[in-house]
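# Topology and contacts: notes
The primary structure of each chain is shown beneath.
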Amino acid sequence: MPQTRNLPWEQRLPMLFGGQVSSGLLLGLLAVLLTHAMINHTAFGLRIRVMGANPRAAIHAGLPVGALTLAVFALSAGLAGAVEIIGIQGNVRADWNPAYSLVVVPLVFLAQFNGFGSIALVFVFSVLSIGSESAARRMGVPNHFTLLTIALLLIVPGLTRLAVARLRQALRHRALRNTPQDGA
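Model, not experiment: these values are computed from the prediction. (Residues numbered from 1 in each chain as written. Predicted model: local features only at pLDDT ≥ 70, side-chain atom pairs only at ≥ 80, totals over all residues. Heavy atoms only, no water.)

## Considering the nonpolar core
- If you look at the biggest cluster of nonpolar residues, it comprises seven residues: Leu107, Leu110, Ala111, Leu121, Phe125, Ile150 and Leu153.
- Dropping the residues within four chain positions of it, isoleucine 150 is found in contact with Phe125 and Ser129.
- Formed by five residues, the second largest nonpolar core is a distinct cluster that contains Met51, Leu63, Val65 and Leu68. (Core = buried A, V, L, I, M, F, W, Y, C linked by side-chain atoms within 4.5 Å. Buried < 20%, exposed > 50% of the residue type's maximum accessible area, 1.4 Å probe, protein only. Contact = heavy atoms within 4.5 Å.)

Written out as structure tokens, the structure is:
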């Protein structure tokens, strides 16, 4: 399989706690904090929020939606890829495709694009994923057990959000119905 040369261990990100956890974890947490500050306290962050809330409105406001989208993807994918290669893999293989976005993007949506909520959901997801795989191996349960656990993690918060939204809508409807009309 074609690949780049391996980085020597001394040029990679150091491991934390003398174990197998890359210091890329700390870089990721720092990136979340910096992103949160940037999104909420800078003009660039305001542009990204407008673009994320309504791309048509962003175009109408004269924002370069294509360029902003590329900038966001380049920053996030570039940092994630760099930490993966420099911190864990040590090289790039031609068949490398970790497909993190297939798991992380739904979790970010469920966290309502909140960085701190995303950290919590990704942590819970990781614990459940690793724990269910370990339990499936030890108990002789098929790997479908792991997929079921992951599916529940993704479905239950979504269904909860839907139920809360419907409850709020019903309460608003009831409040409007019970409000006295003018002139009556």
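## Observations regarding a nonpolar patch on the surface
- Taken together, Phe17, Val21, Leu25, Leu26 and Leu29 make up a surface patch of nonpolar side chains, about 510 Å² in accessible area.
- Take the nonpolar patch: its biggest share by element is three residues, from helix H1 (residues 24-41).
- For leucine 29, a relative accessible area of 35% translates into the label partly exposed. (Patch = residues over 30% accessible without salt bridge, like charges linked within 9 Å, V, L, I, M, F, W, Y side chains within 5 Å. Areas by Shrake-Rupley, 256 points an atom, 1.4 Å probe, with all protein chains shown as cover. Salt bridge = Lys/Arg side-chain N within 4 Å of Asp/Glu carboxyl O. Helix = DSSP H or I, 4+ residues; strand = E, 2+ residues; numbered from the N terminus.)

## Description of the packing of H1 against helix H2 (residues 43-53)
- In the contact formed by H1 and H2, the axes pass within 5 Å of each other and the chain directions differ by 85°. Between H1 and H2, the angle falls in the class roughly perpendicular. Between H1 and H2, the residues in contact are Met38, Ile39 and Asn40 and Phe44, Gly45, Leu46, Ile48 and Arg49, respectively. (Axes fitted to C-alpha atoms, helices over the stretch in contact; angles between N-to-C directions. Parallel < 35°, antiparallel > 145°, perpendicular 65-115°, else oblique.)

## Quick look at the packing of helix H6 (residues 115-139) against helix H7 (residues 144-178)
- Contact geometry of H6 with H7 gives a least axis separation of 8 Å together with a crossing angle of 160°. Classed by the angle they form, the pair H6 and H7 counts as roughly antiparallel. Here H6 runs over H7; the crossing is right-handed. Contact residues: Val124, Phe125, Leu128, Ser129, Ser132, Glu133, Ala135 and Ala136 in H6; Phe145, Thr146, Thr149, Ile150 and Leu153 in H7.
- Looking at side-chain class alone, the contact of H6 with H7 contains eight nonpolar, four polar and one charged residues. (Left-handed = near helix turned anticlockwise from the far one by under 90°. Nonpolar A, V, L, I, M, F, W, Y, C, P; charged D, E, K, R; others polar.)

## Remarks on the side chain of serine 23
- Tracing the backbone shows serine 23 in the loop between strand E2 (21-22) and H1.
- Not counting residues within four places of it along the chain, the set of residues in contact with serine 23 comprises Leu13, Pro14, Met15 and Leu16.

## A closer look at the confidence of the model for the protein chain
- Summary statistics for the protein chain give a mean pLDDT of 83 and a share of 97% for residues scoring 70 or more.
- Confidence scores differ between elements of the protein chain, with helix H5 (residues 101-110) showing the lowest mean pLDDT of 78 and helix H3 (residues 55-60) the highest of 92. (pLDDT = per-residue confidence, 0-100.)

## What to know about H1
- Helix length check: H1, at 18 residues, gives a terminal C-alpha distance of 25 Å against a target of 26 Å (1.5 Å per residue), a fit within 8%.
- Along H1, the residues that are buried comprise Gly24, Ala31 and Ile39. On an axial view of H1, the arc spanned by its buried residues comes to 55°, and they lie on one face. Exposed and oriented more than 90 degrees from the buried face of H1 are Leu34 and His41.
- Elements in contact with the buried residues of H1: E2, H2 and helix H4 (65-89). (Expected span 1.5 Å × (residues − 1). Arc of directions from axis to C-beta.)

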